[in-house]
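Spelled out from the first residue to the last, the chains are:
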Amino acid sequence: MDAGRKCGLYRYRMDYQVKIRGYRIELGEVEAQLLTVDGIEKAMVTAWENEDGNKDLCAYLVASEALSLPELRNALQPKLPGYMIPTYVVQLDHFPLTPNGKIDRKALPAPEARLGGTEYAAPRTLLEEQLVRIWQSVLNHSQIGIKDNFFEVGGHSLRATTLVAKIHQELHHKLALRDIFQYPTIEQLVQVMGEHQTQHTYVSIPVVEERAYYPVSSAQKRMYVLSHLEGGEVSYNMPEALIIEGSLDKTRLEQAFRQLIARHETLRTRFDMVDGEVVQRIEPNVEFNVEHVRASEEETQQYALDFVRAFDLAQAPLLRVQLVENGPQRHVMLYDMHHIISDGVTEGIIVQELSQLYAGKELLPLRIQYKDYAVWQHADMQSERLHEQESYWLKTMAGEIPALDMPTDFARPAVQRLEGTRLDFAISMEDSEQLKQLVPLKPDQPCTWCCLQRIARSCINIRGRRTLSSERRLREDHMRSWGA
């Protein structure tokens, strides 16, 4: 059991949705597809949070016979995208129940069996052994074979980024993120590393001296600008909800948050303009309180909707917390952070460390903070390598570039607006299969990428010619957004 569950904190969305690696997943949809598999009588899917703070889907199943995990994965692959296929599967004789007949989630066993489908193949060379150890560390999995597909044994885009960094740090081989997608097994990756014998010494990000302010990262600069557009005030909010069952010490919870804010400089960071440039300032102390209200479970949903509101990026912390008390033994903790100081990985770290601090544990000090990365990135932007890339694109894009005038139903407004609506609809299985055939998807590749390729091809067809290899640029931009 992880630290969060030991102290009574665990993440669970009130609307039975979870967000994993940036994807919002309806657990009911996954459960419905599991129930279509022969032999499965009951299914329940949860978001299991590992010791490293990452979340994976875990399926608890009651079946008429012992399930074959490879066959189960093969049955789900045509029905679900890779990110919706459970990483873990636990087969039970029956679901544990509470006295009132509901499934007792706290009594569910910790998952162990991963839904992979490859027979184990041991490493044969020193390099394969080194890669196996790195994969075991990244995936938190004790048995990794050289034929295991990274994305079928718990890997995903964020872990692939960590994998690339660890290989660079420990083996001095600098791989691109796309290499993990193209060569997802150790057996394949060894061949790629063998072809590229040039080694790159890993250099740690240095700790920056204390300053009045620091540059922001390129991602922060982009979000700062977009957050100030009309209609973009809450576009980069990252709200979450945790249900806390059992007794709760509210004073200790607030103290744990204050310790967390003292530990992470990003939670004490505000943003300002200096000489026309966006900068970040780190406050030594910030005022913080957990708002406490009492409400019924029915009223909690409205509190959650009202909780999300715009942040003032010039005021720290860019974090707010509200505790909704449904009763002595049940609370819902709403918390919201701005994306300019947080991301999907950060969310897991926050919950994990909050649980540990609430339990009275001491955390190891952090070697570097995010501002150290921002300064390092800013210095790297002045490097010869970046200047060469800049020169290439300036030369490639020289001259008059024709505007892409696509036919649309409505005239494009002079000022971009972020207004929109949501349209829910269902498509037939036949249409779904045809959509999947448009572009072959990899295990962790969403339909968004399929749409990007189709849009690129549509642009090309409308213009009647290929402009600077539109499809390739879209693909590269998509990979670059994941750090490739």
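All values reported here derive from a predicted model rather than from experimental measurement.

Chemist: It is not clear to me how the sheet that holds strand 7 (residues 214–215) should be interpreted in this structure. Could you clarify?
Modeler: The pairing of strands in a sheet happens through backbone hydrogen bonds and is either parallel or antiparallel. Ordered in space as 7-10-9, the three strands form an open sheet in which the pairing is antiparallel. Every interior strand has two partners, whereas the edge strands, strand 7 and strand 9 (269–274), have only one. Judged from the two bridges that link them, strand 7 and strand 10 (residues 277–282) form a sheet pairing that is antiparallel. Paired with Pro215 across the strands is Val279, a residue of strand 10.

Chemist: What am I meant to see in a nonpolar patch on the surface here?
Modeler: Judged by side-chain polarity, Tyr392, Trp393, Met397 and Ile401 come together as a nonpolar surface patch covering roughly 380 Å² of accessible area. Of note, Trp393 is situated in helix 13 (residues 384–396). Using a relative accessible area of 34% as the deciding quantity, one classes Trp393 as partly exposed.

Chemist: Where do I start with the side chain of Asp336 in this structure?
Modeler: Looking at where Asp336 falls in the secondary structure, it is placed in strand 13 (residues 330–338). It is Arg320 that comes nearest to the buried, bridge-free Asp336 among opposite-charge side chains, at 4.0 Å. A polar contact of 2.8 Å, which involves the side chain of Asp336, links it to the side chain of Asn237. One polar contact links the side chain of Asp336 to the main-chain amide nitrogen of Met238, over a distance of 3.0 Å. For Asp336, the contacting residues outside a window of four places in its chain are Asn237, Met238, Pro239, Phe307, Val308, Arg309, Phe311, Leu318, Leu319 and Arg320.

Chemist: Sorry if this is basic, but what is going on with the pattern of salt bridges here?
Modeler: Pairs can form between side chains of opposite charge once their charged atoms are near each other. Applying the stated criterion across every chain, the model contains 16 salt bridges. The closest approach of N and O atoms between Arg270 and Glu283, which form a salt bridge, is 2.6 Å. One end of the pair, Arg270, is in strand 9; the other, Glu283, is in the loop between strand 10 and strand 11 (291–294), with 13 residues separating them in the sequence. Relative accessible area serves as the criterion here: at 23%, Arg270 is assigned to the partly exposed category. Judged by its relative accessible area of 24%, Glu283 falls in the partly exposed class. Here the residues in one salt-bridge network are Arg124, Glu128, Lys147 and Glu187, joined through shared partners.

About the criteria used
Residues numbered from 1 in each chain as written. Predicted model: local features only at pLDDT ≥ 70, side-chain atom pairs only at ≥ 80, totals over all residues. Heavy atoms only, no water. Pairing = 2+ DSSP bridges. Helix = DSSP H or I, 4+ residues; strand = E, 2+ residues; numbered from the N terminus. Patch = residues over 30% accessible without salt bridge, like charges linked within 9 Å, V, L, I, M, F, W, Y side chains within 5 Å. Areas by Shrake-Rupley, 256 points an atom, 1.4 Å probe, with all protein chains shown as cover. Salt bridge = Lys/Arg side-chain N within 4 Å of Asp/Glu carboxyl O. Buried < 20%, exposed > 50% of the residue type's maximum accessible area, 1.4 Å probe, protein only. Lys, Arg positive; Asp, Glu negative; His and termini not counted. Polar contact = N/O pair within 3.5 Å; in protein donor to acceptor, adjacent residues only side chain to side chain. Contact = heavy atoms within 4.5 Å.

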